[in-house]
Amino acid sequence: MRQDVKKIRNLLKQYAKLKRDLTAFNQVSSPSFDGVSSHSSRNGAESRLINHVDLSYQLKEVEDALNTIDDPQYQFILHDYIIEKRFSRNEACEQLSVSVSKFNYLKNRALEVFKLNYLRTP
């Protein structure tokens with residue numbers, strides 16, 4: 001598999017982790033500012049808030065790229081197989097009624113299409 005496709009696959013694998021991290025952040029109580037000036041340029045609450053915004057932006061970029069994919073086979077491979085890990089490769093082949101080699105071809109094409117959409121996301 002080409003290096004750029006491997007990077008995209010790893011990004012998609014991290015997508016679910018990002019969603020969990022963001023959910024965990026949202027469940028933490030809101031930061032409180034005590035009004036005491038700090039000598040550092042940032043306090044802990046500000047850093048957590050910036051991290052939250054960064055995670056939200058990363059998720060939005062991935063979701064925007066995923067939402068532009070119309071092919072249901074590609075959607076299944078990217079979402080159910082790679083991101084959610086609901087199926088093994090053999091189970092995914094059965095779901096799509098394709099051979100393993102055809103599945104690998106479809107998976108690589110789905111990753112390529114996602115990469116193009118992701119790189120186009122403003």
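Definitions and limits used
- Residues numbered from 1 in each chain as written.
- Predicted model: local features only at pLDDT ≥ 70, side-chain atom pairs only at ≥ 80, totals over all residues.
- Heavy atoms only, no water.
- Phe/Tyr/Trp six-rings, centres within 6.5 Å; stacked < 30°, edge-to-face > 60°.
- Helix = DSSP H or I, 4+ residues; strand = E, 2+ residues; numbered from the N terminus.
- Buried < 20%, exposed > 50% of the residue type's maximum accessible area, 1.4 Å probe, protein only.
- Axes fitted to C-alpha atoms, helices over the stretch in contact; angles between N-to-C directions.
- Parallel < 35°, antiparallel > 145°, perpendicular 65-115°, else oblique.
- Contact = heavy atoms within 4.5 Å.
- Nonpolar A, V, L, I, M, F, W, Y, C, P; charged D, E, K, R; others polar.

A.B. asks: A description of the packing of aromatic side chains should follow, citing residues and the corresponding values.
C.D. replies: Evaluated as defined, the whole model comprises three aromatic pairs. For the pair tyrosine 81 and phenylalanine 103, a centre-to-centre distance of 5.0 Å together with 85° between the ring planes defines the contact as edge-to-face. Of this pair, tyrosine 81 sits in helix H3 (residues 72-83) while phenylalanine 103 sits in helix H5 (residues 100-120); the two residues are 22 residues apart in sequence, bridging distant segments of the chain. Take tyrosine 81 and phenylalanine 103: they sit in the same class, and that class is buried. Geometrically, the ring pair formed by phenylalanine 114 and tyrosine 118 is stacked, given 5.6 Å between the ring centres and 20° between the ring planes. On the criterion of helical spacing, the pair formed by phenylalanine 114 and tyrosine 118 is a turn pair, its members being four residues apart in helix H5.

A.B. asks: Quick one: what's the story with the packing of helix H4 (residues 89-96) against H5, residue by residue and with numbers?
C.D. replies: Between H4 and H5, the least distance of the axes is 10 Å, while the angle of their chain directions is 90°. If you check the angle between H4 and H5, you find them roughly perpendicular. Here H4 contributes Arg89, Asn90, Ala92, Cys93 and Leu96 to the contact with H5, which in turn contributes Val100, Phe103 and Asn104. Looking at the contact of H4 with H5 residue by residue, the classes come out as five nonpolar, two polar and one charged.

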